[in-house]
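Read off the chains here:
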Amino acid sequence: MSFRTKTIFLLIVLSLAPYVITMVILGRVYRGDVENRLIADMEYQLEITLDRLNQSLQTLENDMRFISSLDVINDVLTGDLDKRISNILALKKTDLDLNGDFHVVDSVNTVIASTDVARIGSTYRAGRFRSTPLRSTFSEDQIGELIVDYDLDNLRRSFINDEHLKYSLMVGKGTDAASAPNATQLSVEAPLAKEPGLVVRLEQDREFAFAALNTLTRSFYLALLIGILVIASIAYLVANYIINPILHLSTTARKITKTQDFSQRVSIVRKDEIGDLSDAFNHLIE
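Since the model is a prediction, treat every value here as computed from it, not as a measurement.

Novice: Any chance you could break down the pairing of strand β5 (residues 165–171) for me, citing the residues and the numbers?
Specialist: Across the 7 residues of β5, 5 count as buried, placing the element largely inside the fold. Inspection of the sheet shows β5 paired to strand β8 (residues 195–205) by 7 bridges, in the antiparallel sense. Residue Leu169 lies in a different strand from β8, and its bridge partner there is Val200.

Novice: Break down the pattern of salt bridges for me, with residues and values.
Specialist: With the rule as written, the count across this model stands at 12 salt bridges. Asp75 serves as the salt-bridge partner of Arg84, at 2.9 Å between the closest nitrogen and oxygen. Its relative accessible area of 11% is what places Asp75 among the buried residues. Two residues, Lys92 and Asp95, come together in a salt bridge whose shortest N-O distance is 3.4 Å. With Lys92 and Asp95 both in helix α2 (residues 84–96), this residue pair falls 3 residues apart, about one helical turn. One connected set of salt bridges, linked through shared partners, spans Glu61, Arg130, Lys194 and Glu195.

Novice: So what's going on with the sheet that holds strand β3 (residues 130–135)? Which residues, and what values?
Specialist: Consider a sheet: its strands pair through backbone hydrogen bonds, and that pairing is either parallel or antiparallel. Reading across from one edge, β2-β1-β4-β3 is the order of the 4 strands in this open sheet, with antiparallel pairing throughout. Strands at the two margins of the open sheet, each flanked by one partner only, are β2 (111–114) and β3. If you compare each strand with its neighbour and ignore which way they point, the axes differ by 25 degrees on average. Relative to strand β4 (residues 142–150), β3 runs antiparallel, the two sharing 6 bridges. Within β4, the position partnered with Leu134 by the bridge is Gly144.

Novice: So, the pairing of β3: which residues are in play, and what are the values?
Specialist: Regular strands place their side chains on alternate faces of the sheet. What you see with β3 is a clean split: Arg130, Thr132 and Leu134 sit on the buried side and Ser131, Pro133 and Arg135 on the side with no burial. Here β3 hands over to β4 after 6 residues, the two strands then running antiparallel side by side.

Novice: Quick rundown of the packing of aromatic side chains? Include the residues and the values.
Specialist: The tally for this structure, following the rule as stated, stands at 2 aromatic pairs. For the pair Phe129 and Tyr150, a centre-to-centre distance of 4.6 Å together with 10 degrees between the ring planes defines the contact as stacked. Of this pair, Phe129 sits in the loop between β2 and β3 while Tyr150 sits in strand β4, placing them 21 residues apart in sequence. The pair formed by Phe129 and Tyr150 is uniform in burial state, with each residue classed as buried. Seen from their ring centres, Phe159 and Tyr167 are 5.2 Å apart, and the 15 degrees between their planes marks the pair as stacked. We note that Phe159, like Tyr167, is buried.

What counts as what
Residues numbered from 1 in each chain as written. Predicted model: local features only at pLDDT ≥ 70, side-chain atom pairs only at ≥ 80, totals over all residues. Heavy atoms only, no water. Buried < 20%, exposed > 50% of the residue type's maximum accessible area, 1.4 Å probe, protein only. Helix = DSSP H or I, 4+ residues; strand = E, 2+ residues; numbered from the N terminus. Pairing = 2+ DSSP bridges. Salt bridge = Lys/Arg side-chain N within 4 Å of Asp/Glu carboxyl O. Axes fitted to C-alpha atoms, helices over the stretch in contact; angles between N-to-C directions. Phe/Tyr/Trp six-rings, centres within 6.5 Å; stacked < 30°, edge-to-face > 60°.

Interpretation note: all reported values are geometric properties and have no functional meaning in isolation.
Following this line, the structure appears as structure tokens:
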């Protein structure tokens, strides 16, 4: 590799390396900052949704405690013959737009009143999403339970999903929709404070989330390429400015050596150390 090539290559590399490294680091830092901001926004949206769901469950609990405090609950002792408890439960189910049923069972777990009429008189064997003890106004003895058979769709209908933003409800770490976050999605999740066994996950399409950033990234790399070309061009010109007088001096020395023509001289166009070297060479030849 010639001195000229090595010098030009070295100057270009030394000029480009800090620029390229700095720009790449800044690009990665900016992309990481954008992703952190997107995650923070998703966490905020998730927090709002969790508050809404927790409030819904709290309202359900408050309504169940209110029903359990009514005097009509004493009808559990007589088997709710006039269906007053069942009527109250039906009204409350309609009021809450509940997907599921309320049941009142007695001390031996027999369904006394229910929004599902077919269950009345049977033994209740299903799970208890929420239950409230029922006590007679005549004594403090527990006479039964108010139970809600709660469908999780009551919570899912609070989710606002679109093409790129999707909520899902998971039971513990096993989801009813997908087993794990998709690598193509940005994902945040948190448990419900009122029902820690339920976890809500919010996912956003990564390609959509970074669409604007990807456009900016393409512009960034175009600017990086232009910067590389400009810096390389300047480095090339500077290298030539430094090298050309030295190459001219070397070429003249070779010609004199071959031709023994001592009338040849090196033109002096610089007033620096290279110019001094050219002047000394001319005096030497003279």
